[in-house]
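Understanding the architecture of this molecule
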Amino acid sequence: MPARFALMLRAARVAGTVVAVGIPAIPGGVIRRWRYGPAAGRQHVYHRLVALLMLLGPTFVKAGQVLGTRRDLLPPALCDELSLLQDSVAPLDAAHTAIALAEAYGADAEDVFASLDARPVASGSVASVYRARLRSGQEVAIKLRRPGIERIMSADLALIRGGAAFVARLPVFRGVPVEEVVANMAGAILGQLDFEREADNLRRLRKNLAEVPRVWVPKVYPEACRPRCIVMEFIPGLAVDTAGRCSPAARRRFAASGMAAMYQMLFVDGFVHCDMHPGNLYFTRSAQVVVLDAGFSVQLTDRLRRLFAEFFMNMAIGRGQHAAEIVIQSAAEIAADADLDGFTVRMADLVERSHGQPASEFSLIAFAMEMFDLQRRFGINAAPELIFPLLSLLVIEGTIRELDPDLDFQEAAKPQLMRGLFGTDGGRSTLD
């Protein structure tokens, strides 16, 4: 089937699904708004949007998952709904597993693997994971890309970009960086198809996090990897409910190790896993934290790493004006009519109020939502490179709070902050 015709057919199917499922959500939302108030109307529309994305398939589910992290731009209630999106794609059957294996290895699979269980141990929209044994004897996990998934996702992303270009011209979205957000989202999705980069990301994270106690990133076996396949250490017994079956003391250790790993990435190394949701963060009965799936990772420049560390340090010690100045200094764009003095006053007040809260009451999400609102109101467009680290903290906050409601996020950050700002490089900080 010619590519152009296939794209037109896919566009027709997407449009038909949107008309059948998405459009009716609007009058339903209006009715609920009239009966129960504005929040109920919006909630109905957001809920139907999530249902629509799941019907449209894996690319749209991935898009929703990535956009759900953009709490700097999207309403919190919508982000909450999008965070519930889960891959609902059936695991590869034996026939398609054989095709995927042949696409990855050709006739060489038997030379690489002594055995392979064709039943997936995990499955998502991009790949399925299998248990196997190398000829050298190591037990490994094989992450195999689904046959044809790159063609499907590339076509869907072309449709999404076209839709974004149209939406960006509507008056209601004037001033909103629609196309930039969609481009960042598309890059994050396509990055999850680049298994060579993901394997390299895993190796970097394993090296960087080796010094953090009780954190386990699986070892990659590069000699067995291929462009369509990642071969890594198999970690047995991973289950989403492990932490819930552990003692309160073990749960507190999980929380401390998880946050130490995140702060190591943010403040010391500058190489950040941006998708630390519960599907990529596991805990073992031996009190270790396991970090998986590094496809969505970003490298901060040293300047932005230090700026973010300085911002967090000023936030932690209640120096609001300094924190506001860092936000302004790191902005990607400042509107011609921006009120920088007004922003500085309100941002300083936010930092000082947050600093005075007990650890159990401080919420990163609440802090970030108010900061993002101030940026929008006062005309300051933050650099995406600085937003993503903060968003990555928001992704992990819920998991950490469930493990240890009393964890002091700001106090726990200080060891890595001090290393990142006053480490062996001898650099000076604006805190001096």
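Located above this text is the structure these notes cover.
Report on the accompanying structure. A quick note: this is a predicted structure, and the numbers were derived from the prediction, not measured.

The rules behind each value
- Residues numbered from 1 in each chain as written.
- Predicted model: local features only at pLDDT ≥ 70, side-chain atom pairs only at ≥ 80, totals over all residues.
- Heavy atoms only, no water.
- Helix = DSSP H or I, 4+ residues; strand = E, 2+ residues; numbered from the N terminus.
- Rg over C-alpha atoms; globule rule 2.2 N^0.38 Å.
- Contact = heavy atoms within 4.5 Å.
- Lys, Arg positive; Asp, Glu negative; His and termini not counted.
- Charge placed at Lys NZ, Arg CZ, Asp CG, Glu CD.
- 1 Å grid on protein atoms, 1.4 Å probe; cavity = no way out; pocket = protein on both sides within 12 Å on 5 of 7 lines; lining within 4 Å.
- Points joined across faces, edges and corners; volume = space filled by probe spheres on them.
- Salt bridge = Lys/Arg side-chain N within 4 Å of Asp/Glu carboxyl O.
- Buried < 20%, exposed > 50% of the residue type's maximum accessible area, 1.4 Å probe, protein only.
- Pairing = 2+ DSSP bridges.
- Phe/Tyr/Trp six-rings, centres within 6.5 Å; stacked < 30°, edge-to-face > 60°.
- Lys NZ or Arg CZ within 6 Å of the ring centre and 35° of its normal.
- Expected span 1.5 Å × (residues − 1).
- Nonpolar A, V, L, I, M, F, W, Y, C, P; charged D, E, K, R; others polar.

What follows is about the overall build of the protein chain. For the protein chain, the count of helices and strands is 18 helices and twelve strands. A compact globule built from 432 residues should have a C-alpha radius of gyration of about 22 Å, and the protein chain, at 23 Å, falls within 12% of that. Its C-alpha atoms give the protein chain principal-axis dimensions of roughly 65 × 55 × 40 Å. Considering only contacts in the protein chain between residues 6 or more positions apart, those separated by 24 or more positions represent 68%. Distance from the positive charge centre (48 side chains) to the negative charge centre (47 side chains) of the protein chain: 4 Å.

Turning our eyes to something else, we now look at the layout of surface pockets. Taking a probe equal in size to a water molecule and rolling it over the atoms shows the remaining empty space. In this structure, the second largest pocket encloses a volume near 1,500 Å³. Mapped by element, the contributors of at least two residues to the lining of the second largest pocket are α1 (3-22), α2 (25-36), α3 (38-56), α4 (58-67), α5 (76-82), α8 (149-168) and α9 (178-191). Broken down by element, the residue count for the lining of the second largest pocket peaks at seven residues, all from α3.

What follows is about the pattern of salt bridges. Applying the stated rule across the entire model yields 17 salt bridges. Here Asp-200 and Arg-203 are joined by a salt bridge, their closest N and O atoms 3.8 Å apart. Taken together, the residues Asp-200 and Arg-203, both in helix α10 (residues 195-208) and three residues apart, mark about one turn of the helix. By relative accessible area, which is 34% here, Arg-203 ends up partly exposed. Close ionic contact of Asp-302 with Arg-305 constitutes a salt bridge, the shortest N to O distance being 2.8 Å.

Quick look at the environment of Tyr-46 now. Position of Tyr-46 among the secondary structure elements: in helix α3. Taking the C-alpha atoms as reference points, Tyr-46 and Leu-374, separated by 328 residues in sequence, lie 24 Å from one another. Apart from residues lying up to four places away in sequence, Tyr-46 is in contact with Pro-75, Ala-77, Leu-78 and Glu-81.

Here the phi dihedral of Arg-214 falls at roughly 65°; this positive angle occurs in a residue that is not glycine. Looking at where Arg-214 falls in the secondary structure, it is placed in the loop between α10 and β5 (215-216). Although it is not a glycine, Ala-287 adopts a positive phi angle of roughly 70°.

Moving residue by residue along a regular strand, the side chains alternate between the two faces of the sheet. Counted residue by residue, strand β4 (residues 139-145) has six buried out of seven residues, so it is predominantly covered. Here strand β3 (residues 127-134) pairs with β4 via seven bridges, running antiparallel. Pairing of Arg-133 across the sheet is with Glu-139, part of β4. Counting the residues that bridge the hairpin from β3 to β4 gives four residues, and of these Gly-137 lies at a positive phi of roughly 105°.

Attention now goes to the packing of aromatic side chains. The relation between two aromatic rings is expressed through the spacing of the ring centres and the mutual angle of the planes. Inspection of every chain in the model, using the stated rule, returns ten aromatic pairs. Where Phe-311 meets Phe-367, the ring centres are 6.4 Å apart and the plane angle is 55°; that geometry is what we call tilted. Placement of Phe-311 in helix α12 (residues 302-317) and of Phe-367 in helix α15 (residues 364-378) is noted, with a sequence separation of 56 residues between them. In this pair, the class of Phe-311 matches that of Phe-367, namely buried. The ring of Phe-195 carries the charged tip of Arg-145 above its face, separated from the ring centre by 5.8 Å. Between the NZ or CZ atom of Arg-204 and the centre of the ring of Phe-271, over which it lies, the distance is 3.9 Å.

Time to look at helix α14 (residues 340-355). For α14, which comprises 16 residues, the first-to-last C-alpha distance of 22 Å matches the rise-based estimate of 22 Å (1.5 Å per residue) to within 8%. Packed against the buried residues of α14 are α12, α13 (320-329), α15, β12 (380-382) and α17 (409-412).

Below, the discussion takes up empty space enclosed by the protein. In this structure the tally under the stated criterion is two cavities of 30 Å³ or more. When its volume is computed, the second largest cavity comes out at roughly 40 Å³. Forming the boundary of the second largest cavity are Val-66, Leu-67, Arg-70, Val-181, Asn-184, Met-185, Phe-296 and Phe-388. Element by element, the count of residues in the lining of the second largest cavity is highest for α9, at three residues. Looking at the lining of the second largest cavity, its residues break down into six nonpolar, one polar and one charged.

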